[in-house]
Amino acid sequence: MKITHVEVHRIDVPAASPPFRWRDGLSGSAPVGDGAVLHIGTDEGAEGVALFARPGAFATLRDLVERVFRDELVGADPLQREWLWHRVWELDRIHELPLPALGLIDTALWDLAGRYHGQPVWRLLGGFREAIPAYASTSTFSSIAEFLDVADQCLELGYRGIKLHAWGDARRDVELCLALRDHVGPSIPLMYDGSAGFDLPDAIRLGRALSEADYLWYEEPMREFSISAYQRLAAAVDIPLLVAETSDGAHMNSADFIRAGAATFGVRAGTTLRGGITGAMRTAHLADAYRLRAEVHGSDIPNHHLCMAISNTTYYESLVTAAKVVRERHVDDQGLVHAPTGPGIALPLDFGYGKELLPFVEQPR
Ligand SMILES: [Mg+2]
């Protein structure tokens with residue numbers, strides 16, 4: 001089987017309704033914009049797709065396909081994913097590809113393989129479980145009272161834990177984290193995600209409060225450029241750190257965080273920023289060798305498959321962005337997400353995407 005065509009389709013990405021925000025200094029939910037679908041087809045009729053939903057996605061992906069990807073892919077065997085994954089990293093050396101683009105070809109090829117074999121991707125990956133608990137991953141609300149109200153609604157709807165994306169102000173965030181623990185009691189798993197909002201002194205201050213309030217993990221408090229800074233943070237706080245979400249280099253980079261003693265809870269493993277399904281699985285296996293977690297990052301369909309295939313992940317991350325909480329359609333009233341059943345990754349092939357893709361196009365920070 002050979003790849004015969006590689007196309008980019010434009011899709012309209014609807015604005016989140018109601019709009020929402022992230023921490024101070026980051027932009028909020030995007031207005032109506034364009035997204036793109038990478039479509040790979042073959043001489044035997046097998047095909048696969050991957051969704052690219054970032055501001056300016058269509059222009060970026062069309063340019064990459066025209067200049068770089070099409071020549072590489074046409075004529076190649078679509079089932080040789082390892083070879084093509086290797087080739088993408090070679091191309092990155094020259095073209096400095098956007099991080100979310102590094103896994104697009106791989107994700108589309110896994111979708112193609114699943115459709116070709118008539119199996120969901122999580123089963124092709126081996127299959128570890130058929131259901132997993134979801135935690136509510138909040139956007140940033142305006143007050144402690146509003147966060148506490150959202151937390152109550154999430155627990156009422158069945159969510160098994162709550163992860164805060166707060167304001168990025170160390171003093172206020174400490175106050176919120178302690179208030180939430182007081183409010184929900186000792187048995188609810190709580191996590192905190194800094195979305196890289198702090199320097200080392202403030203990250204230490206927050207980490208000590210999270211430890212005092214018995215949070216499960218402390219995620220990405222600083223930009224992930226300096227592993228030394230994370231090493232110092234790990235030495236200064238007891239709260240376990242979950243790191244390497246937005247850093248470049250897939251498992252090769254995760255390895256250095258682990259080696260430095262900075263990934264005291266584990267590392268992130270999502271398709272969007274770790275190089276597709278293949279990069280995420282490499283990262284998960286690496287962490288497993290060290291008996292660490294590889295928590296899947298992202299509320300979208302490819303990551304849904306990863307959650308069913310990675311033994312050392314414990315939750316599905318479900319984005320909660322409205323003050324009147326609506327449970328994501330994949331989460332049941334027991335807070336469980338069940339394994340996808342369709343072949344491939346099972347994004348529709350007719351590109352008629354619309355509102356049903358939300359919240360998948362807004363990735364948790
Ligand atoms: Mg995060």
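Definitions and cut-offs
Residues numbered from 1 in each chain as written. Predicted model: local features only at pLDDT ≥ 70, side-chain atom pairs only at ≥ 80, totals over all residues. Heavy atoms only, no water. Helix = DSSP H or I, 4+ residues; strand = E, 2+ residues; numbered from the N terminus. Contact = heavy atoms within 4.5 Å. Polar contact = N/O pair within 3.5 Å; in protein donor to acceptor, adjacent residues only side chain to side chain. Pairing = 2+ DSSP bridges. Buried < 20%, exposed > 50% of the residue type's maximum accessible area, 1.4 Å probe, protein only. Core = buried A, V, L, I, M, F, W, Y, C linked by side-chain atoms within 4.5 Å.

A.B. asks: I tried to follow the environment of His304 on my own but got confused; where do I start?
C.D. replies: Mapped onto the elements of the fold, His304 is located in helix 11 (residues 301–309). Distance in space between the C-alpha atoms of His304 and His9 is 23 Å, their sequence separation being 295 residues.

A.B. asks: I would appreciate a short explanation of the environment of Asp332 in the present structure.
C.D. replies: Summarising the element assignment, Asp332 is placed in the loop between strand 11 (316–320) and strand 12 (336–338). Those residues in contact with Asp332 that lie beyond four places of it in its chain are Leu157, Arg327 and His338. A distance of 2.8 Å separates the side chain of Asp332 from the side chain of His338, its partner in a polar contact.

A.B. asks: Please clarify how the pairing of strand 3 (residues 47–52) should be interpreted in this entry.
C.D. replies: Along any regular strand, the residues point their side chains to alternate faces of the sheet. Pairing of strand 2 (residues 33–42) with strand 3 involves six bridges; the strand directions are antiparallel. Following the sheet pairing, His39 is matched in strand 3 by Val49. Between strand 2 and strand 3, which pair antiparallel one after the other, the connecting turn spans four residues, and Gly45 there sits at a positive phi close to 90 degrees.

A.B. asks: Which parts of the structure should I look at to understand unusual backbone geometry?
C.D. replies: Working note: non-glycine residues mostly have negative phi, and peptide bonds are mostly trans. At the junction of Ser17 and Pro18, the peptide bond is cis and its omega measures out at -5 degrees in the coordinates. Backbone geometry at Ala346 places phi at a positive 80 degrees, although glycine is not the residue there. By relative accessible area, which is 38% here, Ala346 ends up partly exposed.

A.B. asks: When you look at the nonpolar core in this model, what are you seeing that I'm missing?
C.D. replies: General note: in soluble globular proteins, nonpolar side chains tend to be found buried as a group. With 79 residues, the main nonpolar core has Leu180, Tyr192, Tyr215, Tyr218 and Leu233 as its most contacted residues. A total of six residues in this core trace back to one element, the largest contributor, which is helix 6 (residues 170–184). Residues contacting Leu233, with those up to four places away along its chain left out, are Leu200, Ala203, Ile204, Tyr218, Pro221, Met222 and Leu241. Residues Ile3, Phe52, Val68 and Leu273 belong to the second largest nonpolar core, which totals 35 residues.

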